[in-house]
Each structure stands twice: as structure tokens, then as C-alpha cells.
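Tertiary structure, described
So you can see what is in the structure, the chains are spelled out below.
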Amino acid sequence: MSEHAHQETVFTYGAPQLKFGLGASEEIGYDLSLTGAKRVLVVTDPGIAATGTPQRVAEQMARFDIRAEVFDQVHVEPTDASLQEAIDHARAHGPYDAYVAVGGGSSIDTAKAINLLMTNPGELMDYVNVPVGEGRDPVNPLKPLVAVPTTTGTGAESTTICVLDVLAQKVKTGISHARLRPTLAVVDPRLTLTQPAGVTASAGMDILCHALESWTAKPYAAYPRKQPEQRVPYCGANPVSDMWCSRALQLLSHAFRQAVHHGDDEDARYDMALAATFAGMGFGNAGVHLPHANAYPIAGQVKDFHPDDYAGDEPMVPHGMSVSLTAPEAFRFTFDTNPDRHVEAARMLDPDAPMTDDPADLLPTVLSRLMRDIALPNGLGAVGYSDADVDDLVTGTMKQQRLLSACPKEVTEDDAARVFRGSFEIW
């Protein structure tokens, strides 16, 4: 034992209960009845509400004597202001015995924030991660939360994280605590059939980066040994997260392009939903690192870019898109920490890709080819950034120390700047 006295020898794993498959969303009323809930808030956004899915989910609860109300004003890419509006609505119309989030990560994260603030004292910024907020831990248990994703990508149905833009600081950050993890994830691939190609591409890159970042994250045994009270959900790459992430990459290798270009292909949608679920179970325990840390300022400092296939006209860089834009360069940066693992990831994602002259280029090449094929923007320049923005982007990245701590090598300001400057044009 003496040789391991100062080295971590323990990893942890957590996940919600899972119900997966075609028609799984038709059983939510029954699932909620097992909790004893009598009054439930269904949380969704206007676009998903227009499909009728949240209302159908709400209506099935009446058979089990559950009164369901629908809040359909979730903001896509939530902000501190939009979360506060949702919390205020719940405070005015509650209390509730349980919550059901129907939609993408935005709806699920909004429901997490509502649940947190309806069960615990204080205000939103008290719980936002340091240094942006106070980083306070919840003191009370949360109510049951059923997460029903209608997009394939965020993994929010599996994780302990709520992501938001803090408008005054122009930074995207999060709230992180094990109590935020949904009680039950209900993944019904049929709900993703209405997901447009642009959303499928962006959200799918979130799946991909979840898996790749967790696969290449700092190994759990590389950390100093923690005391029990110091353990956090993101514990580093470990054998269990590796299993989920590698399988997600294998599913993406044949399903991703097909789901983007042939959205009515139920088999491709099924495999994308499965990949999203697996990647969520992986990164929800191992953690993500540099591409996600870069994504937060990319999204938070957006100028006038608005993506195709997203509702409204306000400027935004969707989360999965913002994660993808520096991913090729970020994995070139981390290559030397474990070359074999980076090459293996590229082979899982594209088994037929020819080896590059420099092995460090293989994974970036596989990623850039995929991004081009699914019509993502060609780098930071294509979403409105220039070299003049690098200092501000770096400042935003360096605020994400919770994420950067999972990177397999230390990231300095100069390192982050080189990654940004190498990402203005990808191909």
C-alpha cells in the first residue's frame, strides 16, 4: 500500500436509471406513479412544444391521477436570465412533486436548475461553478427528474451538470453536483426523427467529443489520492468509462453521416441515440476537457452568427458546434500524452482512414473530414471570430478549470491561444 499512498487507486461510477427503446416515452406516466408524484411540471422549449410531444407526455399522466402542467418557454442554449425566468415560473405555480424534461440539453438543464432552486435555499449564482459563481453544494435532496431527450447529443439525461451562459460575464459555465443527475433517463429514438440535419450534425459532434475527450482524459490513477468527501463525479478516464466511450465511437462510425443526410432512417437514429446514451454514461464519470473548455467562450462571445436549422434569428453557436470547432487542434495538442490511444480513437471512428505521414494528424484528419461531410462550419473564422478575439477566448477558456483539470496535460494560456489560432480554418 505504501507505494500507492499518494496516488489515486479508486474510481467511481454513477448513472441514472435508464429506459431505452422505441415507444419508451409512452410509459412515463406509469414510471412517475411509482414515485408517488401527484403534481408534475413538464419542461420544454417552444420548438419541441410545437411537435406535440411534451403535451402527449403530460396527457398520459392523467391515467395515473397525476396532474401535469407544461412550461414551454425554455431558451435554447440557456442563460442565467432564462433559467431565472423558469425558476420564477415554478416558484409562482408550484410546488411540484417531480419534473419531466422533454427536449434537448437546454430543456434538461433548465429542469435541473428548477429542481435545484425549488428544493434548496439561495439563488442561481450561489450554485454556479467557481470562479464565475459561488460553487455552493445543495444541502437538500432534489425531487425526481425524468429526462426525455429529443436530440441525440448532449448526454444531459445522464449527467450531473447544468450548463448556462452568464450574460454579464459573457461566459458559458455550469453547475455541477451529483444531486443534479436525473432519476430516470427515457430515451426513445423515435422522438429524434424530427431533428433537422443541422441540429443532428451539431448535437452529434457533442456525442463524438464527449466520447473522445473522456477516452483521452487524464486517467483516474494520475490524480493525487482523494479523501471520500473530496470525490467528484468527473474522476478521470477509467475502465468503465472507456467501455462506454469506445462503443459510442464505433456506433458513430457508421450511423453519424447517415443520420445527418437521411434523417428518416430509423436504424441510424436508433444507433445515434444509443451512442449518445453510451457517451453520456462515459463522460458523466470520466469528464471532458479542452474542446469543451474552449466551447464555452466560443458560445458565450458569439457575435452575429446563426446556424441553419435552428429556430429564431438571435446570434448563437450551438453547443455541439462550438465544441467541435477546436477539437481537431485540441487532439493534436494532447496527442503526445498517449499516441496509441489517439490513433485507436481515430480507427474506431473511421476504420478505413489511411495513416497520415505524422500519426498526430490522424485523429484531426478524421474529424475534419467528418465535419466537412456533415456541413459544419469550417473553423472559428466561419462563425465570425478573428485573431483579434483570441485573448478574450483564452480568458474564457482559462475560467473552465473544472474541465481543464481533466486534460491529460497542463493547459497554459499560450497553449490555449495556439489551439484557437490553429482552428480558424480546419480544411
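Counting starts from 1 at the beginning of each chain's written sequence and moves along it residue by residue. Given that this is a predicted model, residues contribute local features only at a pLDDT of at least 70 and side-chain atom pairs are listed and counted only at 80 or more, while totals for whole chains, interfaces and linings are drawn from all residues. To obtain the side-chain values, all non-hydrogen atoms of the structure were used and water was disregarded.

1. As for the overall build of the protein
Helix and strand definitions follow DSSP, with helices as H or I runs of at least four residues and strands as E runs of at least two, each counted in order from the N terminus. Each helix and strand counted, the protein has 17 helices and eight strands in total. Values of the radius of gyration come from C-alpha atoms, whereas the globule rule sets the reference at 2.2 Å times the count of residues to the power 0.38. For 427 residues, the compact-globule estimate of 2.2 N^0.38 gives 22 Å, and the C-alpha radius of gyration of the protein, at 20 Å, lies within 12% of that figure. Projected onto its principal axes, the C-alpha positions of the protein cover 65 × 55 × 40 Å. Counting only contacts in the protein whose residues sit at least 6 apart along the sequence, the fraction spanning at least 24 positions is 78%. Every accessible area reported is derived by Shrake-Rupley at a probe size of 1.4 Å, with residue values counting cover from the shown protein chains alone. Accessible surface for the protein amounts to roughly 16,600 Å². Of this, 50% is attributable to carbon and sulfur atoms. In this description, contact between two residues means that some pair of their heavy atoms is separated by no more than 4.5 Å.

2. Notes on the UniProt feature "domain: Fe-containing alcohol dehydrogenase-like C-terminal" (unreviewed entry) in the protein
Here the UniProt-annotated "domain: Fe-containing alcohol dehydrogenase-like C-terminal" (unreviewed entry) positions come out as residues 236-421. Secondary structure content for residues 236-421 is 61% helix and 0% strand, and the end C-alpha separation is 28 Å. UniProt positions are given in the numbering used here, feature names are shortened, and annotations may be inferred rather than shown by experiment.

3. A closer look at the pattern of salt bridges
Basic side-chain nitrogens of Lys or Arg form a salt bridge, by our definition, when they fall within 4 Å of a carboxyl oxygen of Asp or Glu. Throughout the structure, instances matching the rule amount to 20 salt bridges. Between Glu8 and Arg225 there is a salt bridge, with its nearest N and O atoms 3.9 Å apart. Residue Glu8 is found in the segment before β1 (17-20), and its partner Arg225 is found in the loop between α7 (197-215) and α8 (239-261); the two are separated by 217 residues along the sequence. To sort residues, take the accessible area from a 1.4 Å probe on protein chains only and compare it with the maximum for the residue type: under 20% means buried, over 50% means exposed, and anything in between is partly exposed. Residue class for Glu8 comes out buried when judged on its relative accessible area of 2%. Arg231 is the partner of Glu8 in a salt bridge, and the nearest nitrogen-oxygen pair spans 3.0 Å. Within this pair, whereas Glu8 is found in the segment before β1, its partner Arg231 is found in the loop between α7 and α8, the two being separated by 223 residues in sequence. Each member of the salt-bridge network shares a partner with another, and the members are Glu8, Arg225 and Arg231.

4. Quick look at the packing of aromatic side chains
The geometry of an aromatic ring pair is captured by the separation of the ring centres together with the interplanar angle, meaning the angle of the planes. Two aromatic rings, drawn from Phe, Tyr or Trp (for Trp, its six-membered ring), form a pair once their centres lie within 6.5 Å of each other, and the interplanar angle then sorts them: stacked below 30 degrees, edge-to-face above 60, tilted otherwise. Across all of its chains, the model carries six aromatic pairs by this definition. Judged by centre distance (5.2 Å) and plane angle (85°), the rings of Phe20 and Tyr270 are edge-to-face. Of the two residues, Phe20 sits in strand β1 while Tyr270 sits in helix α9 (residues 266-286), which places them 250 residues apart along the sequence. Take Phe20: its relative accessible area is 23%, and that puts it in the partly exposed class. On the numbers, 5.0 Å between centres and 40° between planes, the contact of Trp244 with Phe278 is tilted. Here Phe278 lies in helix α9 and Trp244 lies in helix α8, a separation of 34 residues in the sequence. Two conditions define a charge sitting above a ring: the NZ of Lys or the CZ of Arg must be within 6 Å of the ring centre, and it must be within 35 degrees of the ring normal. Note that Arg136 overlies the ring of Tyr127, its terminal NZ or CZ placed 5.9 Å from the centroid. Across from the ring centre of Tyr223, 4.4 Å away, lies the NZ or CZ of Lys218, which sits over that ring.

5. Quick word on the environment of Gly29
Checked against the element boundaries, Gly29 lands in helix α1 (residues 28-33). In this structure Gly29 comes out as buried when scored by relative accessible area, which is 0%. Between the alpha carbons of Gly29 and Ala68 there is a distance of 9.8 Å; along the sequence they are 39 residues apart. Gly29 has contacts with Gln60, Met61, Phe64 and Ile66, leaving out every residue within four places of it along the chain.

6. A look at the sheet that holds strand β3 (residues 67-71)
The criterion for strand pairing is that DSSP finds at least two bridges linking the strands in question. The parallel open sheet is built from six strands, whose spatial order is β1-β8-β5-β4-β2-β3. Because the sheet does not close on itself, it has two edges, and the strands there are β1 and β3. Averaged over all pairs of adjacent strands, the angle between strand axes in this sheet comes to 20°, irrespective of strand direction. As paired strands, strand β2 (residues 39-43) and strand β4 (residues 98-103) are joined by four bridges and run parallel to one another. Following the sheet pairing, Val43 is matched in β4 by Ala101. The angle between two axes is taken between their N-to-C directions and runs from 0 to 180 degrees, where each axis is a line fitted to C-alpha atoms and a helix contributes only its stretch in contact. Against the sheet, α9 contacts β1 and β8 (184-187), and its axis sits at roughly 170° relative to β1.

7. Structural notes on the state of the cysteines
Disulfides are defined as pairs of cysteine sulfur atoms found within 2.5 Å of each other. Across all of its chains, the model carries zero disulfides by this definition. Of all cysteine sulfurs, the one in Cys245 lies closest to Cys235, which takes part in no disulfide; the gap is 11 Å. Cys407 carries a free sulfur, and the closest cysteine sulfur to it, the one in Cys209, is 13 Å from it.

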